Amino acid sequence: MSTALRPAKRVFGSTGREVGAVGQGSWRAEECAIDDAIAALRCGLDLGMTHIDTAEMYGSGAAEKIIGAAIEGRRDEVFLVSKVLPGNASRRGTVAACEKSLKRLGTDRLDCYLLHWRGAHPLEETIEAFDALLRRGAILSWGVSNFDVADLDEVAAIAGTGHPSCNQVLYHLQERAIEHAVLPWCLEHGTAVVAYTPFGDSSSAFDPGTKHGGILQEIAAAHHATARQVALAFLLRHPNTFVIPKASKLEHVRENAGAGSLKLSAAEIARIDAAFARGKPRPLPTA
């Protein structure tokens, strides 16, 4: 089973930075034993999973504190991402929220800062705040999360070419709505797509007793890999896609890292595509 290979790197949107295709999420990290969460994050860094994602919302800042402890002394290795809540995303509120996140994370900068989802504050205000933070060096790039095509068009109209740097969206084998319009938009505009909850919220996709789960198991066996690694590799078949699975156990961290170097054949991709239908075009889903 390929569980200890380092994930391949690819350019992260318009930032020009090379980032591991497989990163580390932190949603509900505070619900794990803190020492275990820190050990898992550090193991991920050792394996090249240097893209670490968090948000002020996660545990009301608790996840950011855990990450701050995990990356202490290793900040320069990390591509660090956090998010501002829509309710805080006014011009002043965004700057204040960023400063609080930086303090909790124990760093002077974020590599990318995201608007968590579209809220009531005008996008112009949020983007003005992002630009102010860029000028200060408090953030090195900015992006969005949970944005559909109309929202992305609005961001591009306000901010111009190269924006947003990324769009973080719900994307897994049983939820492929972004492939209809959002993913093509991001490919065309040089925007990275970051898949959160890349395994979905149930284990049904990986049940070997089902037809689709059996297909994943067969493909995994051919690569001496696991079904979950195959699932991540399928999402990563697009050149601008990244995944940020969360793991609290070291064996799961190693398993996730191994997915970043797994290459599926065209025939294998076709089998998975047929087993997990995209469905009809519909509004962008959220978790």
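Residues numbered from 1 in each chain as written. Predicted model: local features only at pLDDT ≥ 70, side-chain atom pairs only at ≥ 80, totals over all residues. Heavy atoms only, no water.

Asks: Please clarify how unusual backbone geometry should be interpreted in this entry.
Replies: The omega angle of the peptide bond from H163 to P164 is -5°, so this bond is cis rather than trans. One can find P164 in the loop between α5 (149-159) and β7 (166-170). For S60, which is not glycine, the phi torsion reads 50° and is therefore positive. Along the polypeptide, S60 turns up in the loop between β3 (51-53) and α2 (62-70). The exposure class of S60 is exposed, given its relative accessible area of 69%. Backbone geometry at N146 places phi at a positive 60°, although glycine is not the residue there. You can see N146 is positioned in the loop between β6 (142-145) and α5. (Helix = DSSP H or I, 4+ residues; strand = E, 2+ residues; numbered from the N terminus. Buried < 20%, exposed > 50% of the residue type's maximum accessible area, 1.4 Å probe, protein only.)

Asks: Sorry, what's going on with the sheet that holds strand β5 (residues 112-115) here?
Replies: Strands pair in a sheet through their backbones, by hydrogen bonds, and they do so in one of two ways: parallel or antiparallel. Strand order in this open sheet of seven strands is β3-β4-β5-β6-β7-β8-β9, and the pairing throughout is parallel. Where the open sheet ends on each side, the last strands, each with one partner, are β3 and β9 (241-243). Going from strand to strand, the sheet's axes swing by 25° on average, the running direction of each strand aside. Here three bridges tie β5 to β6, and the two strands are oriented parallel to one another. Looking at β6, one finds that Y113 is bridged to W142. Along the sheet, helix α4 (residues 123-136) contacts β4 (79-84), β5 and β6; its crossing angle with β5, the most-contacted strand, is approximately 170°. (Pairing = 2+ DSSP bridges. Axes fitted to C-alpha atoms, helices over the stretch in contact; angles between N-to-C directions. Contact = heavy atoms within 4.5 Å.)

Asks: Whenever I open this one, the pattern of salt bridges confuses me. Can you help?
Replies: Between side chains of opposite charge, a pair can form as their charged atoms come close. In this structure the tally under the stated criterion is 18 salt bridges. A salt bridge links D46 to R74, with the nearest nitrogen and oxygen atoms 2.8 Å apart. With D46 in helix α1 (residues 34-46) and R74 in the loop between α2 and β4, the pair connects residues that are 28 residues apart, well separated along the chain. With a relative accessible area of 46%, D46 lands in the partly exposed category. As a salt-bridge pair, R118 and D151 come within 2.8 Å of each other at their nearest N and O atoms. (Salt bridge = Lys/Arg side-chain N within 4 Å of Asp/Glu carboxyl O.)

Asks: Sorry if this is basic, but what is going on with the packing of aromatic side chains here?
Replies: Each aromatic ring pair is described using two quantities: the centre-to-centre distance and the angle formed by the ring planes. A complete count under the given rule lists six aromatic pairs for this structure. Aromatic pair F12 and F79: ring centres 4.7 Å apart, planes at 55°, arrangement tilted. Of this pair, F12 sits in the loop between β1 (9-11) and β2 (18-20) while F79 sits in strand β4, and the two are 67 residues apart along the sequence. Aromatic pair F199 and F206: ring centres 6.1 Å apart, planes at 75°, arrangement edge-to-face. Connected via pairs of aromatic rings, a cluster forms that spans F12, F79 and F242. Its end group placed over the ring of F199, R228 keeps NZ or CZ at 4.9 Å from the ring centre. Positioned above the aromatic ring of F206 is the side chain of R228, whose terminal nitrogen or guanidinium carbon lies 4.6 Å from the ring centre. (Phe/Tyr/Trp six-rings, centres within 6.5 Å; stacked < 30°, edge-to-face > 60°. Lys NZ or Arg CZ within 6 Å of the ring centre and 35° of its normal.)

Asks: Teacher, can you tell me more about the state of the cysteines here?
Replies: Put plainly, a disulfide is one covalent bond tying together the sulfur atoms of two cysteines. With the rule as written, the count across this model stands at zero disulfides. Among the cysteines around C32, which has no disulfide bond, C43 carries the closest sulfur, lying 14 Å off. Accessibility expressed as a relative area gives 19% for C32, which makes it buried. (Disulfide = S-S within 2.5 Å.)

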